[in-house]
Amino acid sequence: MNEILLCALTALSRPIVGNLLDMPTVRPWEKYRDWCQTYNSDIVYLDLPMQPTLVLGSAKAAIDLFDKRSNLWSDRTRSIILELMTWDFNIAFMPYNAKWRAHRRMFHQEFHQGVVNKYCPVQRDYARTFLSWILKSPADTRKHVRQMVTAIIFYITYGKRITGMNDKAVAVAQIAFEGLSAGAIPGLSWLEYFPLARHIPSWVPGTSSKKLAEHFLPYVVDMRDKPYEETKEALDKGTAPPSLTASLIERNREKYDGTDEAEMYDGIARNVAGIAYAAGADTTTASSEAFLLAMAMFPDAQKKAQAELDRVVGPNRLPEFEDIENMPYIRATVMETSRWLPVVPFGVPHAVIADDVYNGYHIPKGTAAIPNVWGMLHDPEDYPDPERFFPDRFIGEDGQINPTVRDPSTIAFGFGRRLCLGKPFSNNTLSIFIASVLHVFDIAAAVDASGKSEELSAEMSGGLIAQIRDVPTGLKPRSETAAALIAKFATEIEMT
Ligand code: HEM
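Residues numbered from 1 in each chain as written. Predicted model: local features only at pLDDT ≥ 70, side-chain atom pairs only at ≥ 80, totals over all residues.

A separate point is the overall build of the protein. If you tally the helices and strands in the protein, you get 18 helices and 10 strands. Counting across all 496 residues of the protein, residues that qualify as buried make up 46%. At a minimum sequence separation of 6, the contacts of the protein that also span at least 24 residues come to 74%. (Helix = DSSP H or I, 4+ residues; strand = E, 2+ residues; numbered from the N terminus. Buried ≥ 20, exposed ≤ 12 C-beta atoms within 10 Å, placed from the backbone. Contact = placed C-beta atoms within 7 Å.)

If you want it as structure tokens, here you go:
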């Protein structure tokens, strides 16, 4: 057995800083894939100061460690930058301990597969509202997507209808998310590796990460606390609309008021509400954008999906959730969206709580492993011609979903005991959004007055949550009947 996990990168290692300077901060997923290819290994070791780190380049390695050995591989590493911003209130960054378990239990109660259907009417109605926004101003497609996703989560979580993207609470959260994305790139900052650096005042040259954290801190606190406190006050006055937060508070009051645990459970409920919004908004927005881009770049897939909608739903109504189980191509399109541009491209790293051995290599306790989700979902062995958006890859000869092709959601939403808690909810939002938009709109790049087409490419950037560079804005109703359907819905229901 090798005592030290070896990889050729170690040869590049420098004294003290090791591979720190090799850590990519721009599209790191591509670099991770290149390392695995160059060294012909699905695990690559990075010599980072005080933080031994592995890159996992194959689904097999991630499943072997995170799923099959989840009792060992469910911890997280500490992120000083995220702690300085107070982003550590998010379950996703909590260590594997009793506090994480209590948060996960409460979150799960509200979002597991068996209960998420109660949110379907809100998801369906906002997907339809999106259609009417697009009808009025297709040029603002990107804004409408974000507004739809934000409105769904905000309404479910706090019972509040946002007034638009300028809504104070939304604007604050937007800035808080920027901090999260910037602070969560592995190896971004010296602070991560030299925790004592957090005590150096932020005006000292070279501590820019600390400045970054100080900038974002008030927004993160505001995002987490304000809507929760407002819901509490409204409950006290008897004016709170039904919401996930209101029911968490009421349930906690019934169970814990007057006990020593009241304060703890109040904190967990506040965090759970904040996390629903924090973990769900950017991810689902980026996925919805990726879908629109795919449709504009791969019109054949678009046509096939529309043909299925025409067959199953027909021209006289909009799709319902019940239709989706009868539309395998739409479900394959949802799957292909999470594969083609995975919006959490290098997952959330797991850490190991005790020494482990894998493929003959010794892995010391505390090692972090970064699953290169993008690399796994672009592995040509599992998904031939991976840059092509091709939902047909999931359809078997019988016209149904082919169970022998790996479902990308088993990778895109993470692994083992840390598996994304919002997967069923997010899947519902995306499915009804995709079916609704395709049913009534043709999606294409916009063409300006001079005949020049909007430039579209499958480029994404960013950190923990990817940003899709291009979103097409040439959405046009498929027919007069389609436009009339949208207008009819808009007059039936008035949502901001
Ligand atoms: C396209 C949509 C989404 C994607 C691709 C996604 C992906 C992920 C990934 C990769 C992780 C880390 C899993 C791991 O550590 O192995 C995660 C964690 C998590 N996600 Fe999502 N997510 C999405 C939407 C949502 C939504 C809508 C919610 C909430 C309503 C949510 C809540 C969470 C939570 C709470 C965790 C932390 C789990 C833990 O650490 O125990 N996610 N997600």
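What follows is about the site of the ligand. Near the ligand there are 28 residues, and of these Gly280, Gly414, Arg418, Cys420 and Gly422 occur at the shortest range. Broken down by secondary-structure element, the contributors of at least two residues to the shell around the ligand are helix H4 (98-111), helix H11 (262-297) and helix H17 (423-440). Its residues placed into classes, the shell around the ligand shows 17 nonpolar, nine polar and two charged. (Near = placed C-beta within 6 Å. Nonpolar A, V, L, I, M, F, W, Y, C, P; charged D, E, K, R; others polar.)

Reading across from one edge, E1-E2-E6-E3 is the order of the four strands in this open sheet, with mixed pairing throughout. Every interior strand has two partners, whereas the edge strands, strand E1 (43-46) and strand E3 (350-351), have only one. In the sheet, strand E2 (residues 53-56) pairs with strand E6 (residues 368-371) via four bridges, with the strands oriented parallel. Counterpart to leucine 56 in the pairing with E6 is proline 371. This element, helix H1 (residues 28-38), spans E1, E2 and E6 of the sheet and lies at about 85 degrees to E2. (Pairing = 2+ DSSP bridges. Axes fitted to C-alpha atoms, helices over the stretch in contact; angles between N-to-C directions.)

Attention now goes to helix H14 (residues 328-340). Two residues of an α-helix separated by three or four positions point the same way, owing to the 3.6 residues in each turn. For H14, built from 13 residues, the straight-helix expectation of 18 Å at 1.5 Å per residue is met to within 8% by its first-to-last C-alpha distance of 18 Å. Buried residues dominate H14, accounting for 12 of its 13 residues. Inspection of H14 places Tyr329, Ile330, Arg331, Ala332, Thr333, Val334, Met335, Glu336, Thr337, Ser338, Arg339 and Trp340 among the buried residues, and these make up the whole buried set. In this fold, the buried residues of H14 make contact with H11, helix H12 (299-312), helix H13 (321-324), helix H15 (373-377), helix H16 (409-412) and H17. (Expected span 1.5 Å × (residues − 1).)

Further remarks concern the UniProt feature "binding site: heme" (unreviewed entry) in the protein. Those places that UniProt annotates as "binding site: heme" (unreviewed entry) correspond, in this numbering, to Cys420. Mapped onto the fold, cysteine 420 is located in the loop between H16 and H17. Note on cysteine 420: 21 C-beta atoms within 10 Å, which makes it buried. Not counting residues within four places of it along the chain, the set of residues in contact with cysteine 420 comprises Phe413 and Gly414. (UniProt positions renumbered as here; feature names shortened; annotations may be inferred.)

What follows covers the packing of helix H6 (residues 141-158) against H11. How two helices sit against one another is set out by the angle between their axes and by the gap between those axes. Between H6 and H11, the shortest axis-to-axis distance is 9 Å and the interhelical angle comes to 150 degrees. One finds that H6 runs roughly antiparallel with respect to H11. Crossing geometry of H6 relative to H11 is assigned as right-handed. Residue-level inspection shows Thr141, Arg142, Val145, Arg146, Val149, Thr150, Ile153, Phe154 and Thr157 of H6 in contact with H11, the latter providing Ala273, Ala276, Tyr277, Gly280, Ala281, Thr284, Thr285, Ser288, Glu289 and Leu292. (Parallel < 35°, antiparallel > 145°, perpendicular 65-115°, else oblique. Left-handed = near helix turned anticlockwise from the far one by under 90°.)

Here we take up helix H2 (residues 59-67). Of the positions making up H2, those classed as buried are Ala59, Ala61, Ala62, Leu65 and Phe66. Down the axis of H2, the buried side of the element spans an arc of 160 degrees, and every buried residue falls inside it. (Arc of directions from axis to C-beta.)

Take the packing of H11 against H14 next. In the contact formed by H11 and H14, the axes pass within 9 Å of each other and the chain directions differ by 105 degrees. When the interaxial angle is binned, H11 and H14 end up roughly perpendicular. Contacts from Ser287, Ala290, Phe291 and Ala294 in H11 reach Thr337, Ser338 and Trp340 in H14. Grouping the constituent residues of the contact of H11 with H14 by class yields four nonpolar, three polar and no charged.

What follows covers the nonpolar core. One finds Val55, Val272, Ala290, Ala294 and Ile434 to be the most contacted residues of the largest nonpolar core, which totals 138 residues. Ranked by the residues each element gives to this core, the list is headed by H11, at 20 residues. Residues in contact with valine 55, not counting those within four places in the same chain, are Tyr32, Trp35, Cys36, Val44, Leu46, Ile370 and Asn372. (Core = buried A, V, L, I, M, F, W, Y, C linked by C-beta atoms within 7 Å.)

Our focus in this paragraph is the environment of arginine 124. Mapped onto the fold, arginine 124 is located in helix H5 (residues 120-136). The spacing of arginine 124 and arginine 33 is 91 residues in sequence and 38 Å in space, taken between C-alpha atoms. Those residues within four positions of arginine 124 in sequence are excluded, and the remaining contacts are Phe321 and Ile432.

As a further point, take the confidence of the model for the protein. Per-residue confidence for the protein averages 89 on the pLDDT scale, and 88% of its residues sit at or above 70. Across residues 1-9, confidence stays below pLDDT 50; counting only partners more than four residues off in sequence or on other chains, it has 24 contacts. Complex prediction metrics read pTM 0.91 and ipTM 0.99. (pLDDT = per-residue confidence, 0-100.)

Moving on, we come to the pairing of E1. The alternating pattern of E1 places Ile43 and Tyr45 and Val44 and Leu46 on opposite faces, both of which are buried. Examined bridge by bridge, E1 and E2 share four bridges and lie antiparallel to one another. If you follow leucine 46 over to E2, its bridge partner there is threonine 53.

This part covers unusual backbone geometry. Negative phi values dominate among residues other than glycine, just as trans dominates among peptide bonds. The phi dihedral of threonine 86 falls on the positive side, at around 65 degrees, and the residue is not glycine. Examined against the element boundaries, threonine 86 turns out to sit in the loop between helix H3 (80-84) and H4. For threonine 86, a count of 20 C-beta atoms within 10 Å corresponds to the buried category.

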